[in-house]
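In case you want the letters, here they are:
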Amino acid sequence: MALSREQIAKRVARELKDGYYVNLGIGIPTLVANYVPEGMEVMLQSENGLLGMGPFPTEEELDADMINAGKQTVTTLPGASIFSSAESFAMIRGGHVDLTVLGAFEVDVQGNIASWMIPGKLVKGMGGAMDLVAGADNIIVTMTHASKNGESKLLEQCTLPLTGAGCIKKVLTDLAWLEIEDSAFVLKERAPGVSVEEIVAKTAGRLVVPDHVPEMTF
């Protein structure tokens, strides 16, 4: 079975480390806020100017003025700070974010990422993605392995306009955890019940498959 949105967020949360400053992109990455390991201190940043973001609010906690970059209502943790988007992007561009988690349309074996537009379709804006991939060394891309038509999103070369070049090393899809090494995707883990053969069939870019590929556990 392919991973659910929540399972993808849980798997990303295992990559968090105590003391990290983390930026969560719009979509699945925002769910990671709900799965920060207990006892771990992580400061979640939203590029609209919030550091110290907590889990999504309950109905009692909901404050319509407290939103993340995706305009979703959020909570804040003790010690949180609110500031202008200019200061927020200074933090991003200055390399002060330890981990960035964002979505993508395509990733290729050179570590290129396309995430901000599909030609001919409505473009709401590129958001902070270009700054995030340029300003961070540690980036995890979360995405579906293939499109609804079954076309692979893990390519030999991106076909859509790039957000960043040579910046991606880790990709988590609904089927697998992969890392990019020596111009190839390396299969590190697979979703529970998903075969290596299915992952191979749905990966268009060069793929290295080790002798043993463990299943993720939740």
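For the structure, see preceding data.
A short tour of the structure in this document, coming up. Since this is a predicted model, take the numbers as computed values, not measurements.

Brief notes about the sheet that holds strand S4 (residues 76-82)
Spatially, S4-S3-S2-S1-S5-S8-S10-S11-S12-S13 is the arrangement adopted by the ten strands of the open sheet, whose pairing is mixed. Both edges of this open sheet fall to S4 and strand S13 (207-208), since each of them pairs with a single strand only. For strand S10 (residues 170-173) and strand S11 (residues 176-180), the ladder comprises three bridges, and the chain directions are antiparallel. When the bridges of S11 are listed, Val-171 appears paired with Leu-178. Contacts from helix H1 (residues 5-13) reach strand S5 (99-103), strand S8 (139-143), S10, S11 and strand S12 (185-190) within the one sheet, and its direction differs from that of S10 by about 150°. Across the sheet, helix H2 (residues 85-93) touches strand S1 (21-24), strand S2 (43-46) and strand S3 (50-53), and the angle it forms with S2 is around 120°.

Notes on unusual backbone geometry
Trans peptide bonds make up the majority, and among non-glycine residues the majority have a negative phi. If you check the backbone angles, Lys-71 has positive phi at about 65° while not being a glycine. Take Lys-71: it is sitting in the loop between S3 and S4. Of note in this structure, Ser-183 is not a glycine but carries a positive phi near 60°. Following the sequence through the fold, Ser-183 ends up in the loop between S11 and S12.

Let's talk about the packing of aromatic side chains
What the rule picks out here adds up to zero aromatic pairs. We note Arg-11 situated over the ring of Trp-177; from NZ or CZ to the ring centre the distance is 4.3 Å. Across the ring face of Phe-218, the terminal group of Arg-14 is positioned such that the distance to the ring centre comes to 5.0 Å.

A word on the sheet that holds strand S7 (residues 113-114)
Strand order in the open sheet formed by three strands is S7-S6-S9, with mixed pairing between adjacent strands. Sheet topology places S7 and strand S9 (154-155) at the edges, where each strand pairs with a single neighbour. As defined by bridge partners, strand S6 (residues 106-108) adjoins S7 across two bridges and the pair is classed as antiparallel. Bridge pairing links Val-107 to Ile-113 in S7.

A few points about the state of the cysteines
By definition, a disulfide links two cysteine residues through a covalent bond between their sulfur atoms. Summed over the entire model, instances satisfying the criterion amount to zero disulfides. With no disulfide of its own, Cys-158 lies closest to Cys-167 among cysteine sulfurs, the gap being 9.5 Å.

Reading the values: rules and limits
- Residues numbered from 1 in each chain as written.
- Predicted model: local features only at pLDDT ≥ 70, side-chain atom pairs only at ≥ 80, totals over all residues.
- Heavy atoms only, no water.
- Pairing = 2+ DSSP bridges.
- Helix = DSSP H or I, 4+ residues; strand = E, 2+ residues; numbered from the N terminus.
- Contact = heavy atoms within 4.5 Å.
- Axes fitted to C-alpha atoms, helices over the stretch in contact; angles between N-to-C directions.
- Phe/Tyr/Trp six-rings, centres within 6.5 Å; stacked < 30°, edge-to-face > 60°.
- Lys NZ or Arg CZ within 6 Å of the ring centre and 35° of its normal.
- Disulfide = S-S within 2.5 Å.

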